[in-house]
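# Observations on the three-dimensional arrangement
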Amino acid sequence: MKNQGFTPNFLATGVGSVPQTNSEEALDLIWNSVPFAPHWPQLPNLGAESSFIGQYLNALIETGVIGDVTNPKFQIEETDWLERMTEFYSLYLQGIEGDEQALNRFGFSSQGGEGFEAFYRNLERSGTREAVILKGQLSGPLTLGMQITDKNRRSSYYDESLRDILVKTLTLHAEWQTKRLRKFGLPVIMTVDDPGLYGFGASTHVTLNRENLIAELNSIFEGILRQGGIPGAHVCAGMDWTLLFDSKVVVVNFDAYDYMQSMMVLAEPINRFLMRGGVLSWGIVPTNPVAWEETAESLIIRLEDNISELVKRGVDESLLRQQSMITPSCGTGTLQKELSEHIYGLLAGIRGGLV
């Protein structure tokens, strides 16, 4: 499972969401701060269709499997539920077999895709400039499955057939997004943002199954790989990272500001991950008001201390440095615009200080 020779050497990129409601303003921030690995801006403040949950449900809403983007629920009590499911699965089969029109229906709605389409048009108009890689993102199946319920408020993740529908939807969305961004001739990282994965191993989520979680994520990662992309995963909390290391993921993006401890105990698994071409993406810039107290210099010191600690525990230093990226610890979409801009400024400063 190689990563197409991808050695990022501390490339900086964002997690995805920003607080702007104007896509051009968001793109200016991204291109000015992370020009070598720009990402399209998720714009959650535009409303439900652009939210972390609603953005990826287009095919499910069009086929009537989910009723409404503002309060998404599976319509299993409807008398024609079987017909709706049948329509979804036939659309999925057409998409997986390469039918372009079917695949397009797994993309964004026109409002939900505003940030993505603005990024795409910007690349068409101005080219890739200094970029060496492009980045996209989508929500993960566990987080969506926990948030989207049936009418009895039961999480759809715990229903095998509904979970299957969600995983298939996200797999084809990931393919669609990767395929579109690949048109610009650069490598594409496609990151599955699944903060719900922190629940694996917690006493509150005892029914979560490791093999199932890996298989579901691998389904999406395989879709990304089919289109020539580099699969990534982002979790902004502590978790059992070996779950991701044992999957087909290439880039693991973690909150290195608040949750470094959860990585410190994993020297051997980290080495194996790096040896197979894996990339550690350090969320070293905090995404809360603490960021005002930090400078690029203070965060570089923090990062270097963390690297030293891992090396002390047996992680291969040259591999680790070659195969590291930097990001904020999470998206900035819920923050004040000034704080988000400060965080992206810190990110640019760290990148400048490391190369």
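Computed from a predicted structure; not experimentally measured.

Here the focus is the environment of Leu172. Secondary-structure assignment places Leu172 in helix α7 (residues 160-182). Taking C-alpha positions, Leu172 is 6.2 Å from Phe106, a pair spaced 66 residues apart along the chain. Setting aside anything within four residues of it in sequence, one finds Leu172 in contact with Tyr92, Gly95, Ile96, Leu103 and Phe106.

If you look at the biggest cluster of nonpolar residues, it comprises 105 residues, and the most contacted ones within it are Trp241, Leu244, Met263, Leu280, Trp282 and Ile326. Among the elements that line this core, the one with the most residues is α7, at eight residues. Contacts of Trp241, omitting those with residues within four sequence positions, involve Val235, Val252, Asn253, Phe254, Ser262, Met263 and Leu266.

Moving on to the pairing of strand β4 (residues 230-235). The buried fraction of β4 amounts to six of the six residues, a majority that puts the element mostly inside the structure. In β4, alternate side chains face the same way, and those of Ile230, Gly232 and His234 on one face and Pro231, Ala233 and Val235 on the other are all buried. As judged from the five bridges shared by strand β3 (residues 188-193) and β4, these two strands associate in the parallel manner. Along β4, the bridge assignment pairs Asp193 with His234. Sheet topology places β4 next to strand β5 (residues 251-255); four bridges connect them, and they run parallel. From the neighbouring strand, Ala233 faces β5, where its bridge partner is Val252.

Here we take up helix α8 (residues 210-226). At 3.6 residues per turn, the α-helix brings residues three or four places apart onto the same side. The first and last C-alpha atoms of α8 sit 24 Å apart over 17 residues, in line with the 24 Å expected at 1.5 Å per residue. When α8 is considered as a whole, its buried residues turn out to be Leu213, Ile214, Glu216, Leu217, Asn218, Ile220, Phe221, Gly223 and Ile224. On its buried face, α8 is in contact with β2 (134-139), α6 (141-147), α7, β3, β4 and α9 (242-245). Of the residues one or two after α8, Gly228 is the one with positive phi, at around 80°.

Here is what the cut-offs are and how they apply
- Residues numbered from 1 in each chain as written.
- Predicted model: local features only at pLDDT ≥ 70, side-chain atom pairs only at ≥ 80, totals over all residues.
- Heavy atoms only, no water.
- Helix = DSSP H or I, 4+ residues; strand = E, 2+ residues; numbered from the N terminus.
- Contact = heavy atoms within 4.5 Å.
- Core = buried A, V, L, I, M, F, W, Y, C linked by side-chain atoms within 4.5 Å.
- Buried < 20%, exposed > 50% of the residue type's maximum accessible area, 1.4 Å probe, protein only.
- Pairing = 2+ DSSP bridges.
- Expected span 1.5 Å × (residues − 1).

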